[in-house]
Structure formats: C-alpha cells, structure tokens
Amino acid sequence: MMEEPNVSITIDPTVRVETRRQPIPPKERLERIFRIEDVDALYSGKAALKGVTLDVYKNLVTAIIGPSGCGKSTFIRCLNRMNDLIPGFTQTGTIRYHGQDICAADVDPVAVRRHIGMVFQRPNPFPKSIYDNVAWGLKVLGMKDGIDDRVERALTQAALWDEVKDRLKASALSLSGGQQQRLCIARAIAVKPDVVLMDEPASALDPIATQAIEQLMNDLKSEYTFVIVTHNMQQAARVADMTAFFSISRGDEGQRFGELIEYDATEKIFTAPSDRKTEDYVTGRFG
Amino acid sequence: MSAADITPDETRRPFAWRRVRLGDLVLQGIAGAAAAAAVVLVGLITWKLIEGAWPSVTKFGLHFLIRTAWNPVIGKEVFGAASFLFGTAITSLIALALAAPLAIGVALFLTELAPRVLRAPVTALVETLAAIPSVVIGLWGIYVLGPILRDDVEPGLHSALGFIPLFGPPSSSGSSIFTAIVVLTIMILPIVASITRELFLGVPREQKEGALALGTTRWEMVRGVMFPYARGGIAAALILGLGRAVGEAIAVTQVIGGGVFIHWNLFDTGDTLASKIAASYQGAATNLEVASLVYLALILLVFSLLANLSAQWVVRRVGRRQGIGLRRGGAG
Amino acid sequence: MSSHNLTQAVLRAEGLPRRRATNRLMEALAWLAAAVAVGLLVLVVWSVARRGWSELNLDLITKTPTSGFLATGKQGLANAFAGTLVIVLVATLMALPTGVLVAVYLNEFAPPAIRNAVSVTLDVLNGIPAIVIGIFVYGLFVLGHGQSALAGAFALAVIMLPLVARSTMEVLALVPSSLREASLALGVPRWRTTLSVVLPQTVGGIVTGTTLAVARAAGETAPLLFTSSIVGTNVHWNPHHALQSIPVAIFELSESPDPQDHARAWAAALVLLLFILFASLGARWLATRSRRKLAASR
C-alpha cells in the first residue's frame, strides 16, 4: 500500500468550471466501446507505441495524458484509422469497436470514420460558409432530410448557434479561433457519430474558449463518447471520467517508444496513482 | 536597405567615397536598364506589329475579322481573318476541353493516388512531354498520328457519329483539324497538369484530414475540399493552356492542311491564325498580303496579352494562398 | 441511433457501396489519365527513336544537304547543326547577361511597385507566341536588311529572356538576407556585395535556368522562319548571314515529298530530342542538388 503522495492539483481560479462530475457507474453497468489489445504503432518500422491495451467505455470522457512524444496523438488516430494516411505507417494488435476489429484488412476506413469522428488540434474549418461547413458532411453522407434542422441542432449542441444564427452564410474563416473550433465540433457531431475523438482540441485556444469546449463535452457525453488527448493535466482532471497515462519508455537497444503506464478513473490517477511514473507526472516532478 | 547608405568618413577618404557610390550607381543603372529594356520590348513588339499591319488595318479595318477570304491576286486583293479565327477557336477550345480533364486527372493521380515511388518519375515524365519541341510533335503528327487517325479513327467516328456535322467525311490525307486538335491536346496537357499538380500539393493537409475524418471517400474529399481550394488556380492554368494552344504555329501548320473556309467538319483541313502565318513564311506575294499576315499576328498578340493578364489577375485574386507564380507559359 | 456497427446491412442502408463505387471509378479515371499522359510521351519518343535511329550516323552532322552531285552517298544536315550552334550561342550571349541583370535589378534594387510591374511584363513576354516574336523581329531587323542568324538569335533571346530572368530571381530570393546584411555591415558597397557575395551563391541556379532556356530555344522553329530560313546548303559560321537551323530543317524536310528527306528529318529530330531531354533532365537534377545545398547552408 503506497503512502499518500503529496499531490496538489492547482485549478486556475480565474476559470470557473461548471462541470458537475457525476460519479462513474460501476464497472458492470459500463458498456465497452473499444477493446484495444496489444497495439503497436510503427512509422516506417520505428515503433511509436508498444503494447497498448485498454478499454474505452460508452458515454464517458476518457482522457489521454502524458509528456510530448509519448504517442498520444498516434494512439488516438489509430482509433479512426487516420494513421492510414501517413505513408509508412503500420500497426499490429487489434482494436475492437463494438466487437469488430476495425484494423482488419477488409474493413473500410471510410465506414470507420463515419462512426468515429475527430476534432483536430488546430481548428480546420473548410473555406466555405458556416452553414456549408456543417451541411457539407451531411449532404455527402446522404443525411439530407431535414438538413436545416440537423445543422441547427449540431450548432446548438456545439454552443455556437446563438452566435452565428444570423450569419450562417458568412465565411467560416471570419469566426474567432474558439468559434471555429466549436464549428469543427458541430461539423463532427452533425453526422451523428458514436465516438468523438479530440486531439488537444483546446491547445490553440484561450482559457474562455477552452472552458466552453470542456463544458460542451460534459453536456454532450450522454449522447456521444469522448476520447480526448490533452497535455493539460488540469483539463483532464476537470473533464475526464477515465484517464490513461502514457509515457516514453526505452527499449533494449536504446530506442524510445510510447507505452500505456496506467489507466483508471481520473480521481484515482490524480490522487492515488499506482505507478511511480504516473505519480511523478501528475505531481509535476517531470514532463 | 539602409546599410547601403553607410558611407565611410568622406573627409578621410574622399575618392573612396566617390568610387563606392559610382559602383552602386553603375550597377543599378545597368541592371535597371535591362529591366527597362524588358518592358520596352513588349511595347516595341506591340508597336512594330501595329506598324507592320497598318496597311492592312487601314484598308480593311475591323471587317478583316469577319471576312472569309485570302486572295493575293494583284488587283483583286482581299484578305480576312474570319476563317482563321474560326480555326483557332475550334482547335484550341476543343483541345482545351480534352486536355483539361486529362490534366486534372494526372494531377490528382500524382498528388493523391500514385504510390510514393512513382510520384517523382511520373512527374518528370509529364514535364518532359512539355519539353518536346513543336516541330518534332508536328513531324510525329504527320507521319504517325495522321495515318492512324485517317485510317482508323476518323472513319470510325464518322460511321458512328456521322449525323453530327462535326464528324463528316474523313480526309484523304492525314491532315485535318482533328489531327491538329489531338496535337494541341498533347501540347497543352503538361502545362495544365503541372500547374494543377502544384495547386493540389498546396491544399493544407488539415483540410483534407478534416474532410476524411467525417467519413467521406477520397473522391468526395477531392470534390468538396481540393477542387474548391484550387479552383482559381485551375482557371488560370486553363487560360494559360488556351493561350498556348492559340499561339502554337508550327505543329499545327504541319498537320492541319491549310485552307480558307469555315466548315464544321473536323476531319476537313483548315488553318488557324498562327498556322496561316507559319505557312506563309516562304514569302507573301504582295505587300498587302504581308501586312495582312502581320495583322493576323497582331490579333494573336492581343489575344495572348488578354489571356496572360487575365490569368495573372485570377491568380492574384484567388491564388493568394498558394505561391504559384506563372512560370510556365510560352507558345511554340 | 441504432447500433453503430460496421456491418454490411447498416452500411448499405447509408449508401456506402454506391459512394465507394464512385470513388473507385474516379480513381480508375485518374490512373487512366496518367497512363494516357505517360503513354503519349512514350509513344512520341519511341516513334522518333525508332525512325530516327536507323538514319542516325555521323554523316548527318558532317555532310551537307547536297554533297556532291556525282556521289550517291548519304546527305546530311551539317549546315543546320552549325547554324543552330551559332544561333543558340549568340542568343545565349544576348539573353544570359540581360536576364541576370533584370533579375538582379528586380530582386536587389527595385521598389515593390516596379518589381511588380516588370514581373508582370516578364510574364506577358513569356506568353507571347513564338511566331509573333518572329514576325516582330522580321519587322525590326529583316525588313530592308535581309535575314541573318543575328536576327534569328535575337528572336530566340527574346524568348529566353523571361526564362533566365525568372529562374535567376527564384534563386536570388533563396540567398538569405543575412548574407547581404553581413557584407554591407562590413562596409562593402552594394554593388560589390551583389557581385561578389550574392551572385556567386546563385551560379548553380543561373546555370540551371539558362540550360532550360537553351533547351527551349534550340527547339524553336517559328522565330527562325522569318529571320533565318532562306539559306544555302553549305556550312557557314558567319552570323551576319542567314544560317540553317535544326528545327527549321526538320520543318522543311517534314513537308517534303521525298522519303529520304523524311528519314533525315527523323534523325535530326532524334538528335534534337536527345539534346533537349538530356539538357532538361540534367538541369533539373542540378537544380535539386543546388537547392538542397542552399537550403542546407541557411
């Protein structure tokens, strides 16, 4: 039994977070969405991740934290086959989504991404109007019925509707950074994915915009499952139900790769981590 | 810039100071003169052409553009550009219509579909196509392409689509407007492909990923994100390609057969503005004919100026995101 | 939403198979376009190679078109090879320094407004059809004075100028301003800085640009039709006379009814093609090499 570590998590008093963290339902009542087993990810033969095994649960916010270079983005991009776009990328192990291995050779990444959406680190709205940004995906994916309502609903859920409802035809590039990111979230959730992956969604935004996005996640997690990569521990502590800590390990020949160190309820990771490395990271001793 | 104004203590070394300034002035002067010469050159070209065409311009005025005639017989001289304007229009526009989808397809292939290992070689190959001199393509057009079109393609098209006036009876030689169209398509394909390829390469990766992450297919991403992004540049590329096609004289004159008439049958012979000039190089019968040929060149010049300037305008307006300069241009 | 599984039934309902089919069709069309482009190139080069190879021999370069009435030996195009050499050389001598000077002016001295204007002019010059340039030089130098290789070379120089200027500008822009500033801060005058510090860095790029311009000029027929086409069959070297050139020779031979002439046309075309391909690919290879060196030294 470890002695109580000297953990202090400072929460920025200028940012008022309204999240009311619900306690996580007991394990038996959690539905597993992802079963990730022994995944290695390699860029041109060099391992970026090794032996990652974890389960992601439905309607929870799962945070991926760790120092830079530990493979957090690589990991999250495995979940929607986005790494396929990188030449030289290979992967071993299985990622089961609702029981189906999405890395199998006969699985179409297009189908995978339909259900597992992604929001990127830097807002990347299309150079189209605000309306078209959200509507384009709907049109292409054949969800044209009641499209105006779908667009409105997505923008509302992304907490952007009130700000843009009078200028839907304006260019998306006229929005501020925080608004653009919310537009990207609206775009992603408009097509009704099952899971929304977020790769450091607020790292390019100011604290107010960040807060808006965190609030969003909390409000929407009853409808979607979020997996968020963040380098900001406080953010993980604020929004995540489950937290996975990755770190950089060294192999026998001195090569560096990322590894999952610990994965547990956020509460536990931050107050009573089991692994020394986790403790070092969350207390700020390194990373 | 201001560092150039550092002058050493002029009281200590007065002659050195003067030398320094003089050198700067001389270099700037000579270089500036060269730049001025380039500008003057364009003006000179315009002026010389107007001067050379003047006898014909004063005699025929703008009616020249709508008259179909080319009669150098002394006493009955009458010249008109209409048939050549028609020939230029029909060959260049159809060639552009054929080359554009091919070029965009090639550009897409090179940027999205080709295996890494093929990209550089195939790009080099396509650019090499642009380096083949017109006279060589013309030579190939006469003795390789022409017979194939005459013996197989044209009769085939005529029997299948003969009800369309474009596909009338095939020519007896290999020379025809159709052959010229194929030759022009080959010549403008690499330019349009090369510019389009650079445009596609300039589409930011996060835009493409943003589209694909929604669950769209690659083609849907290309249509929804890449085409809109590259739209202005592609327009400029097409204008440049058109300019190239319009100005091509040698290869066209080798395969088009000549003739002063306006007819719709692509398999018949004809002439374009450029090819007519080239065909007359061995000498025109009268001064008025020479002036009329220069008049044709003047029309070509006006067109190329318009095409070039509008392409640049399009690039400036829309292509600010991409750093594409109009390096490729020029007609043979 | 109902279960988010990836089974075929669910996906079929969403139209994915049709979208996948469209995607595959478009990919196939793109592959086809690339095949057509490469195929055309291969076809043309192959035709020239096949037909020109058998006719390719030293006689082409050493014998003139009518070499002895009695001899039934091979005729050649010696006059054309000599003429092209002279014309292209003179054109390069005209275009190279001018083009470099224009680029130096635009990059080192010109205020933005002038740089813009001259830049636009260069692009316009680049877009003027070669036949128009030929007519222009005809009116400028030939009318009243007769044809000459000099006039032809001038026409080619006009075509080469924007190419040399543009590639020199590109490579001048790559030279880091810190290099210039360091030299100027030492008290070295502007002109010396430009000539001794900046230009030497750009030699590779200038060579590349000039090589490409030479390759282009060597293949141009239209500008020479009106300026240097009324020629004799003997080999001359005097630029004041009209000299035969390879492209014009090919042009004339291609229109001749005599199959022997066609054969020589193919052979000359092969030589021209080989030269141009060699020069273009060589220049491109040099360009990548020197660009890498410049980038590494920044």
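Keep in mind that what you see is a predicted model, and the values were worked out from it rather than measured.

Novice: Lay out the overall build of chain A in plain terms, naming residues and giving numbers.
Specialist: In terms of regular secondary structure, chain A is built from ten helices and ten strands. For 287 residues, the compact-globule formula gives about 19 Å, and the C-alpha radius of gyration of chain A, at 19 Å, lands near that figure. Counting only residues that meet the buried cut, chain A has 47% of its 287 residues in that class. Residue pairs in contact within chain A that sit at least 24 positions apart in sequence constitute 71% of those at least 6 positions apart.

Novice: How would you summarise the overall build of chain C if you had to cite specific residues and measurements?
Specialist: Across its full length, chain C carries twelve helices and zero strands. Secondary structure elements of chain C occur, N-terminal to C-terminal, as α-α-α-α-α-α-α-α-α-α-α-α. Over its C-alpha trace chain C gives a radius of gyration of 26 Å, far above what one expects of a compact globule, namely 19 Å for 298 residues. A burial count over chain C gives 51% of its 298 residues as buried. In chain C, the share of contacts with a sequence separation of at least 24, taken over all contacts with a separation of at least 6, comes to 77%.

Novice: Which residues make up the interface of chain C and chain B, and what values do they have?
Specialist: With 77 residues of chain C in contact, the opposing surface of chain B contributes 81 residues. Of the residues contributing to the side of chain C that touches chain B, the split by class is 52 nonpolar, 16 polar and nine charged.

Novice: Describe in detail the pairing of strand β10 (residues 256-265) of chain A, supporting the description with residues and values.
Specialist: Residues and elements named next belong to chain A. Where strand β2 (residues 46-57) lies against β10, two bridges are found, and the strand directions are parallel. Paired with K50 across the two strands is E259, which belongs to β10. Here strand β9 (residues 242-250) runs beside β10; their pairing, made up of nine bridges, is antiparallel. Bridging from a neighbouring strand, F246 pairs with L260 of β10. Here β9 hands over to β10 after five residues, with G254 in that stretch at a positive phi of 85°.

Novice: Explain unusual backbone geometry residue by residue, including any values.
Specialist: Residue and element names in this part refer to chain A. Phi at S44 is positive, roughly 50°, even though this residue is not glycine. Along the chain, the position of S44 falls in the loop between β1 (32-43) and β2. What makes S44 exposed here is the crowd of 9 C-beta atoms within 10 Å. The phi dihedral of R81 falls on the positive side, at around 60°, and the residue is not glycine. Of note, R81 is situated in the loop between α1 (72-79) and β4 (89-97). For R81, a count of 22 C-beta atoms within 10 Å corresponds to the buried category.

Novice: With reference to specific residues and values, describe the interface of chain B and chain A.
Specialist: Contact residues are listed per partner, giving 16 residues for chain B and 20 residues for chain A. Elements with a contribution of two residues or more to the side of chain B that touches chain A: α6 (205-212) and α7 (218-247) of chain B. Looking at the side of chain B that touches chain A, its residues break down into six nonpolar, six polar and four charged.

Novice: Can you lay out the sheet that holds β10(A) for me, pointing to particular residues and giving the numbers?
Specialist: Hydrogen bonds between backbone groups are what pair the strands of a sheet, and the pairing can be parallel or antiparallel. Residues and elements named next belong to chain A. Read across the open sheet, the ten strands follow the order β5-β4-β1-β2-β10-β9-β3-β8-β7-β6; overall the sheet is mixed. Only two strands of the sheet have a single neighbouring strand rather than two, namely β5 (100-101) and β6 (116-119). Sheet topology places β4 next to β5; two bridges connect them, and they run antiparallel. Residue pairing across strands places Y97 opposite Q100, the latter belonging to β5. Sheet strands in contact with α1 are β1, β2, β3 (61-65), β4, β6, β7 (195-199), β8 (225-229) and β9, and its direction is about 155° off that of β8.

Novice: Please provide a residue-by-residue account of the environment of A:E223, values included.
Specialist: Residues and elements named next belong to chain A. By the secondary structure assignment, E223 is in the loop between α7 (207-220) and β8. What makes E223 partly exposed here is the crowd of 13 C-beta atoms within 10 Å. When the C-alpha positions of E223 and P193 are compared, they lie 9.5 Å apart, and in sequence the two are 30 residues distant.

Novice: Explain the environment of B:V203 to me, using residue names and the numbers behind them.
Specialist: All names here are of chain B. For V203, the position within the fold is in the loop between α5 (177-201) and α6. Counting along the chain gives 45 residues from V203 to H158, while the straight-line C-alpha distance between them is 43 Å. Leaving out residues up to four positions away in the same chain, V203 has contacts with K208, V225, M226, Y229 and A230.

Novice: For the confidence of the model for chain C, give the residues involved together with the corresponding values.
Specialist: Residues and elements named next belong to chain C. Mean pLDDT over chain C stands at 87; residues scoring 70 or higher make up 90%. Scored below 50 in pLDDT, residues 67-71 shows three contacts in the model against residues more than four places distant or in partner chains. Interface predicted TM-score (ipTM) for the complex: 0.89; the corresponding pTM is 0.87.

Novice: Describe the pairing of β1(A), and please don't skip the residues or the numbers.
Specialist: Residue and element names in this part refer to chain A. One ladder, built from eight bridges, connects β1 with β2; its direction is antiparallel. When the sheet's bridge partners are listed, F34 is paired in β2 with V56. What sits between the antiparallel neighbours β1 and β2 is a turn of two residues, in which S44 has the positive phi angle 50°. Taken together, the eight bridges between β1 and β4 define a ladder with antiparallel strand orientation. By the bridge assignment for β4, F34 is matched with Y97.

Novice: Please provide a residue-by-residue account of the packing of helix α3 (residues 130-140) of chain A against helix α6 (residues 177-190) of chain A, values included.
Specialist: All names here are of chain A. Look at α3 against α6: their axes get within 8 Å of each other, and the N-to-C directions meet at 25°. Classified by the angle between their axes, α3 and α6 sit roughly parallel to one another. Relative to α6, the crossing made by α3 is right-handed. Facing α3, whose interface residues are I130, N133, V134, G137 and L138, α6 presents L183, A186, R187 and A190. Its residues assigned to classes, the contact of α3 with α6 comprises six nonpolar, two polar and one charged.

Novice: Give a detailed account of the nonpolar core, specifying residues and quantitative values.
Specialist: Formed by 292 residues in total, the largest nonpolar core has its most connected members in B:A297 and C:A268. If sequence neighbours within four positions are ignored, C:A268 has contacts with C:L60, C:L77, C:A80, C:I246, C:A249 and C:I250.

Novice: Break down the environment of B:G257 for me, with residues and values.
Specialist: Residues and elements named next belong to chain B. Structurally, G257 can be placed in the loop between α8 (250-256) and α9 (273-279). As for G257 and K59, which are separated by 198 residues in sequence, their C-alpha atoms are 28 Å apart. Residue contacts for G257: discarding those within four places in its chain leaves S173, S175, S176, T269 and G270.

Novice: An account of the confidence of the model for chain A is needed here, citing residue identities and associated values.
Specialist: Averaged over all residues, the pLDDT of chain A is 87; the fraction at 70 or higher stands at 92%. Note that residues 13-19 of chain A has pLDDT below 50 and, in this model, eleven contacts with residues that lie over four places away or in other chains.

Novice: Got a sec to walk through the packing of α7(B) against helix α2 (residues 16-53) of chain C? Specific residues and values, please.
Specialist: Direction vectors running N to C along α7(B) and α2(C) enclose 75°, while the axes themselves pass 8 Å from each other. Relative to α2(C), the element α7(B) is oriented roughly perpendicular. In contact with B:R218, B:W219 and B:E220 of α7(B), α2(C) contributes C:R19, C:T22, C:N23 and C:M26. Partitioning the contact of α7(B) with α2(C) into residue classes produces two nonpolar, two polar and three charged.

Here is what the cut-offs are and how they apply
Residues numbered from 1 in each chain as written. Chains lettered and ligands numbered in written order. Predicted model: local features only at pLDDT ≥ 70, side-chain atom pairs only at ≥ 80, totals over all residues. Helix = DSSP H or I, 4+ residues; strand = E, 2+ residues; numbered from the N terminus. Rg over C-alpha atoms; globule rule 2.2 N^0.38 Å. Buried ≥ 20, exposed ≤ 12 C-beta atoms within 10 Å, placed from the backbone. Contact = placed C-beta atoms within 7 Å. Nonpolar A, V, L, I, M, F, W, Y, C, P; charged D, E, K, R; others polar. Pairing = 2+ DSSP bridges. Axes fitted to C-alpha atoms, helices over the stretch in contact; angles between N-to-C directions. pLDDT = per-residue confidence, 0-100. Parallel < 35°, antiparallel > 145°, perpendicular 65-115°, else oblique. Left-handed = near helix turned anticlockwise from the far one by under 90°. Core = buried A, V, L, I, M, F, W, Y, C linked by C-beta atoms within 7 Å.

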